[in-house]
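# Coordinate analysis (summary)
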Amino acid sequence: MTVMPKVRSRPWQLLMVGSGCAHVTPDLHDRLVRLLDLLPQTRLIEIDTDAGSVSVSRDWPSNRMEEVAAIEADIAALPGIRRLTLFQAA
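Small disclaimer: the values here were computed from a predicted structure and weren't measured.

Turning our eyes to something else, we now look at the packing of aromatic side chains. Taken as a whole, this structure holds zero aromatic pairs when the rule is applied. Directly above the ring of Trp 12 sits Arg 58, whose terminal nitrogen or CZ lies 5.2 Å from the centroid.

This is the structure we're talking about:
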């Protein structure tokens, strides 16, 4: 009996932009996804290849960003709240 590894569902997908995208093999793609899973504070990975550079990031559905903006607005509107600042680790 073969047990297949459980595929984890993510709310984001990998977004790759640049002339070096042809160098992103399925194995490299999987490693980049794993890297972003392990380092959630990372928002951008840049890779230089023989064919040019590749920028790699997470692509979130637009409704997620709308939900974040709505939650931020709700918090900022609470009595006594003067400012809300979100920081991302570098």
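Having seen the structure, we can now continue with the description.
In a beta sheet, neighbouring strands are held together by backbone hydrogen bonds and run either parallel or antiparallel to one another. Strand order across the open sheet formed by three strands is S1-S3-S2, with antiparallel pairing between neighbours. One side of each edge strand has no neighbouring strand; the edge strands of this open sheet are strand S1 (13-17) and strand S2 (45-49). Averaged over all adjacent pairs, the angle separating strand axes in this sheet is 25°, with direction ignored. As judged from the five bridges shared by S1 and strand S3 (residues 52-59), these two strands associate in the antiparallel manner. Note that in S3 the partner of Met 16 across the bridge is Val 56. Most of the contacts of helix H1 (residues 26-38) go to S1, to which it runs at about 115°, and overall it touches S1, S2 and S3.

All right, on to the environment of Gln 41 then. The topology assignment puts Gln 41 in the loop between H1 and S2. Placed 46 residues apart in sequence, Gln 41 and Phe 87 show a C-alpha to C-alpha distance of 9.9 Å.

So, about the side chain of Arg 58. With respect to the element layout, Arg 58 can be found in strand S3. Look at Arg 58: it is buried, it has no salt bridge, and the nearest opposite charge is Asp 37 at 6.1 Å. A polar atom in the side chain of Arg 58 sits 2.4 Å from the backbone oxygen of Thr 42. Sequence-distant contacts of Arg 58, that is, excluding residues within four places in its chain, are made with Trp 12, Gln 13, Leu 36, Leu 39, Pro 40, Thr 42 and Arg 43.

Analysis parameters
- Residues numbered from 1 in each chain as written.
- Predicted model: local features only at pLDDT ≥ 70, side-chain atom pairs only at ≥ 80, totals over all residues.
- Heavy atoms only, no water.
- Phe/Tyr/Trp six-rings, centres within 6.5 Å; stacked < 30°, edge-to-face > 60°.
- Lys NZ or Arg CZ within 6 Å of the ring centre and 35° of its normal.
- Pairing = 2+ DSSP bridges.
- Helix = DSSP H or I, 4+ residues; strand = E, 2+ residues; numbered from the N terminus.
- Axes fitted to C-alpha atoms, helices over the stretch in contact; angles between N-to-C directions.
- Contact = heavy atoms within 4.5 Å.
- Buried < 20%, exposed > 50% of the residue type's maximum accessible area, 1.4 Å probe, protein only.
- Lys, Arg positive; Asp, Glu negative; His and termini not counted.
- Salt bridge = Lys/Arg side-chain N within 4 Å of Asp/Glu carboxyl O.
- Polar contact = N/O pair within 3.5 Å; in protein donor to acceptor, adjacent residues only side chain to side chain.

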